[in-house]
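What follows is the residue order along each chain.
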Amino acid sequence: MRLVDRRERPLHDLRISITDRCNFRCTYCMPREHFGPEHDFLKRDALLTYEEITTVVRALLPTGLRKVRLTGGEPLLRRDITTLISMIREVGPDLDLALTTNGALLKRHAVELQEAGLDRVTVSLDAMDQTVFQAMADTTQHTPDDIMEGIDHALSAGLGVKVNTVVQKNINEEQIPKLAAACVERNIPIRFIEYMDVGNTNAWVFDEVVSGAEIRQRLEEQYGVLVPEKPKHKGEVARRYTTSDGDDFGFIESVSNPFCGDCTRARLSAHGSLYTCLFSSKGHDLRAMLRMGAEGSALSLAIRSIWERRDDRYSMDRTSTEEKPAKVEMSFIGG
Ligand code: SAM
Ligand code: SF4
Ligand code: SF4
């Protein structure tokens, strides 16, 4: 039966955070001063099991779910992720099944991810220069070359690949041309993301946002006029542009040009709470229901009632002066 929220938005996409841990400490997402050794990460038994995650996916299929994205934290850190992928593929043979990763472990896993039934990976990469990359990801363990190798392995394995780049003023703006060139060379889309005020720990300030329009201007110096493309489907968050050679650039303009009106995404946190917005302060505990033995149909009903009450539009209201409650961290609910 058709399910829409109070703003007539269907639930088409589910993003599932399968771990709150990460091998990077990107300064805009998990700053080390807040996510250091003393940080209280979720214990193993707090995480949803693969069976529980699959039950949630199965419960959402009749409500119109089309796309599942596994994320985190860093999803490739969770053991036997291919088992989860096969399980989801089995319950939803027609689902578009994707994964977002920082790419550090992609080279090792690309083939088995594809064999398990994954369709696509989105690889986050913010710089081609090692110094900028390592400063942003706050790691000395990995280099941009490692990530590019991961991307090349994913392509050879037959996975669809996109690159995501968060752009921060005076930090990685200069990397835009090199990142674009690396993606054009491989014929893969790159999507530039405006730096967002997710969570409560990244000390976000508006002055560090580089707008999609500014990024396009830089790209036009390199590639000539960018022509806007029509969205492939309702709810597509990236605004797509192409060059005269057909190269594909996307812009996720959550700050300068928000897209809440078409937002069809729900998020399942690593500990099993359902969030109806990236900027929510509170989730809805599905884990308790699952562990009390709720059947798929009861879960389905519960999710329907959560979604029917949904009224979120944080990005549209971002500049309102009204006091806002603390938000959930992105590494916890999944980007
Ligand atoms: N660890 C994986 C990764 O980095 O791809 C998956 C999780 S990460 C939270 C998902 C996406 O969120 C990444 O593309 C990351 O760049 C983006 N992200 C995290 N913090 C952000 C912020 N403050 N503003 C914009 N995007 C952000
Ligand atoms: Fe980790 Fe991804 Fe957040 Fe970076 S953006 S800290 S890789 S979860
Ligand atoms: Fe969707 Fe919330 Fe982002 Fe708006 S702010 S697009 S409702 S996740």
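**Q** Mind showing me how you'd approach the site of ligand 1 here?
**A** Surveying the vicinity of ligand 1 reveals 20 residues, the closest of which are Y28, G73, S124, V166 and M196. Y28 places a main-chain nitrogen or oxygen 3.1 Å from a nitrogen atom of ligand 1. Note that a nitrogen atom of ligand 1 is positioned 3.0 Å from one of the backbone N or O atoms of G73. Protein chains shield 95% of the accessible area of ligand 1, which is 540 Å² for the free molecule. When residues of the shell around ligand 1 are traced back to their parent elements, those giving at least two are β3 (96-101), β5 (160-167) and β6 (190-194). Residues belonging to the shell around ligand 1 are distributed by class as follows: eight nonpolar, ten polar and two charged.

**Q** Looking at this structure, I do not really get the sheet that holds strand β9 (residues 248-252). What am I missing?
**A** Remark on secondary structure: sheet strands pair via backbone hydrogen bonds, oriented parallel or antiparallel. The strand order across the open sheet formed by twelve strands is β7-β8-β9-β6-β5-β4-β3-β2-β1-β10-β11-β12, and the pairing between neighbours is mixed. The sheet terminates laterally at β7 (227-228) and β12 (284-285), the two strands that pair on one side only. Strand direction decides the pairing type here: strand β11 (residues 273-275) and β12, joined by two bridges, are antiparallel. Each residue of the ladder has a partner; that of L274, found in β12, is H284. Along the sheet, helix α6 (residues 176-186) contacts β5, β6 and β9; its crossing angle with β6, the most-contacted strand, is approximately 150 degrees.

**Q** Teacher, can you tell me more about the nonpolar core here?
**A** Soluble, globular proteins show a tendency: their nonpolar side chains are buried together. Core analysis: the largest hydrophobic core is formed by 88 residues, its most contacted members being L14, L70 and L219. Sorting elements by how many residues they give to this core places helix α1 (residues 50-60) first, with six residues. Filtering out sequence-adjacent residues up to four positions away, L70 remains in contact with I16, I18, P75, I81, L84, I85, I88, A98, L99 and T100. M196, V255, L278 and F279 belong to the second largest nonpolar core, which has eight residues in total.

**Q** How should the packing of aromatic side chains be read in this particular structure?
**A** The description of an aromatic ring pair uses the distance of the two centres, along with the angle that the planes make with each other. Taken as a whole, this structure holds four aromatic pairs when the rule is applied. Taken together, a centroid distance of 5.5 Å and an interplanar angle of 85 degrees make the contact between Y241 and F251 edge-to-face. With Y241 in strand β8 (residues 239-242) and F251 in strand β9, this residue pair connects regions lying ten residues apart in the sequence. In textbook terms, an aromatic cluster arises when at least three aromatic residues are bridged by ring pairs, as seen for F192, Y241 and F251. Of note, R216 hangs over the ring of F251, and the distance from its end group to the ring centre comes to 4.8 Å.

**Q** Even after reading the chapter, I still don't get the pattern of salt bridges, so can you show me in this structure?
**A** For side chains bearing opposite charge, pairing can occur when the charged atoms are close. Tallied over the full model, the rule gives 19 salt bridges. R32 serves as the salt-bridge partner of D138, at 3.0 Å between the closest nitrogen and oxygen. In this pair, D138 sits in the loop between α4 (130-137) and α5 (144-157) while R32 sits in the loop between β1 (13-17) and α1, placing the two residues 106 residues apart along the sequence. Among the residues examined, D138 registers a relative accessible area of 27% and is labelled partly exposed. A relative accessible area of 43% means that R32 is categorised as partly exposed. One salt bridge connects D40 with K43, and the closest N-O pair in it is separated by 3.4 Å.

Analysis parameters
Residues numbered from 1 in each chain as written. Chains lettered and ligands numbered in written order. Predicted model: local features only at pLDDT ≥ 70, side-chain atom pairs only at ≥ 80, totals over all residues. Heavy atoms only, no water. Near = heavy atom within 4 Å. Polar contact = N/O pair within 3.5 Å; in protein donor to acceptor, adjacent residues only side chain to side chain. Areas by Shrake-Rupley, 256 points an atom, 1.4 Å probe, with all protein chains shown as cover. Helix = DSSP H or I, 4+ residues; strand = E, 2+ residues; numbered from the N terminus. Nonpolar A, V, L, I, M, F, W, Y, C, P; charged D, E, K, R; others polar. Pairing = 2+ DSSP bridges. Contact = heavy atoms within 4.5 Å. Axes fitted to C-alpha atoms, helices over the stretch in contact; angles between N-to-C directions. Core = buried A, V, L, I, M, F, W, Y, C linked by side-chain atoms within 4.5 Å. Buried < 20%, exposed > 50% of the residue type's maximum accessible area, 1.4 Å probe, protein only. Phe/Tyr/Trp six-rings, centres within 6.5 Å; stacked < 30°, edge-to-face > 60°. Lys NZ or Arg CZ within 6 Å of the ring centre and 35° of its normal. Salt bridge = Lys/Arg side-chain N within 4 Å of Asp/Glu carboxyl O.

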